[in-house]
Amino acid sequence: MSRQAGTTTAGGGAGSASGPDGRAVAAALVTVLLWASAFIVIRDSAAYFGPGALALGRLLVASVVLSVLLLVRGGGFPPRAAWPGIVSSGVLWFGAYMVALNAGEQRVDAGTAALIINIGPILMALLGGWLLKEGFPRKLMAGMAVSFTGAVVVGLSLSGGGQSSLIGVLLCLCAALANAVGVVLQKPTLRHATPMQVTTFGALSGAVACLPFAGQLVSQVGRAPAAATLQIVYLGVFPTALAFTTWAYAVSRTTVGKMGTTTYAVPVLVVFLSWLFLGEVPGLLTLCGGLLCLSGVAVSRLRGRAPSPVPEAAPRSGAPAQPVAAAESER
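Here we summarise the structure given alongside this text.

Cut-offs and rules
Residues numbered from 1 in each chain as written. Predicted model: local features only at pLDDT ≥ 70, side-chain atom pairs only at ≥ 80, totals over all residues. Heavy atoms only, no water. Helix = DSSP H or I, 4+ residues; strand = E, 2+ residues; numbered from the N terminus. Buried < 20%, exposed > 50% of the residue type's maximum accessible area, 1.4 Å probe, protein only. Areas by Shrake-Rupley, 256 points an atom, 1.4 Å probe, with all protein chains shown as cover. Contact = heavy atoms within 4.5 Å. Salt bridge = Lys/Arg side-chain N within 4 Å of Asp/Glu carboxyl O. Polar contact = N/O pair within 3.5 Å; in protein donor to acceptor, adjacent residues only side chain to side chain. Phe/Tyr/Trp six-rings, centres within 6.5 Å; stacked < 30°, edge-to-face > 60°.

## Points about the overall build of the protein chain
Part 1: Helix and strand content of the protein chain: 15 helices and zero strands.
Part 2: The buried share among the 331 residues of the protein chain stands at 46%.
Part 3: Total accessible area computed for the protein chain in this model is approximately 16,100 Å², and 69% of it derives from carbon and sulfur atoms.

## Remarks on the environment of F39
Part 1: Note on placement: F39 falls in helix α2 (residues 22-45).
Part 2: Since its relative accessible area comes to 6%, F39 is described here as buried.
Part 3: Spatially, the C-alpha atom of F39 lies 7.8 Å from that of A113, the residues being 74 residues apart in sequence.
Part 4: Excluding its chain neighbours within four sequence positions, the residues that come into contact with F39 are L101, E105, A110, A113, A114, I117, V266 and V270.

## Overview of the pattern of salt bridges
Part 1: On inspection of all chains with the given rule, the structure shows one salt bridge.
Part 2: When the shortest N-O distance is used, the salt bridge between E280 and R43 registers 3.1 Å. Separated by 237 residues along the polypeptide, E280 in the loop between α13 (265-278) and α14 (284-300) and R43 in helix α2 bring together distant segments of the chain.

## Description of the environment of S295
Part 1: By the element assignment, S295 lies in helix α14.
Part 2: Judged by its relative accessible area of 36%, S295 is partly exposed.
Part 3: C-alpha of S295 to C-alpha of G150: the two residues are 145 residues apart in sequence and 8.8 Å apart in space.

## Some words on the side chain of T246
Part 1: Its place among the elements puts T246 in helix α11 (residues 226-252).
Part 2: A polar side-chain atom of T246 sits 2.6 Å from a polar atom in the side chain of T31.
Part 3: Within the structure, T246 has its side chain in polar contact with the backbone oxygen of A243 (distance 3.0 Å).
Part 4: T246 has contacts with A27, V30 and T31, leaving out every residue within four places of it along the chain.

## What to know about the packing of aromatic side chains
Part 1: Applying the stated criterion across every chain, the model contains five aromatic pairs.
Part 2: Relative to W275, the ring of F272 has its centre 5.9 Å away and its plane inclined at 45 degrees; by these criteria the two rings are tilted. Here the residue F272 and the residue W275 both occupy positions in helix α13, the gap between them amounting to three residues, near one helical turn.
Part 3: Members of the aromatic cluster, connected to one another through ring pairs, are F77, W83 and F201.

See the structure below:
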């Protein structure tokens, strides 16, 4: 999920200049569908795997797939300057995020988790304003207030479910924060290494951080049915390795700002898939709170009006018209 606005990267100029690139749109849709499916699979596998074991299994599978792709493409190792950012973002974005999300989804339904996680872009913008000196626009602060209100509404709507549901909401918020910090740490790292290198070694870093859960994973795989183990393989291959690759492809052909808006569809798809496959639908008040969260993100991403053209000064008698800005500069 994440998620930086910027200019079109090399090789992606055509898509933004002449309209949407069809292949980039298709790649982004694949990413969104796979990320949405991850919430469903995580929720469904909670009966067989603990949060840490599930995260470790997913990351081990993803690391193998990504490493093979990196070798095939001749990506090599990233330079020394990139390693601090790769390790720190990998531990947070892949490791801590996945463990917290898995734990949260053991306590709240998949749709609610997806709605809460999607406040991530606002947290990224806040951290970017602080750590990367990107500033704090008024629309960002207004969006933060709206999303915070939505998170409170979600928490209140689940208060009847007992302490477990409230802890689930807090865990999902922690996952969103870990995701945001990881993305912000990753942003300057991409100046030194390719997205494929950062993703591959980030996944490896997350897997290493989750190694304390190795014993739990082995014992739970031994007791779980084959279908549940295949769910781990699915999470590692598709929502992690493939989805991050298709996302990088989409971004390489346009801008992150344009493609980032497609992630707003994830909670909608998760709610639908959760109802279709798990028979779970968030309550009305929970949905309203989730919509407030998404509305806050939308408010924070609004762009201000473009400045109006400066009117030209009235021409003097016998002299050509001269723009006001130019006239002022001559004084």
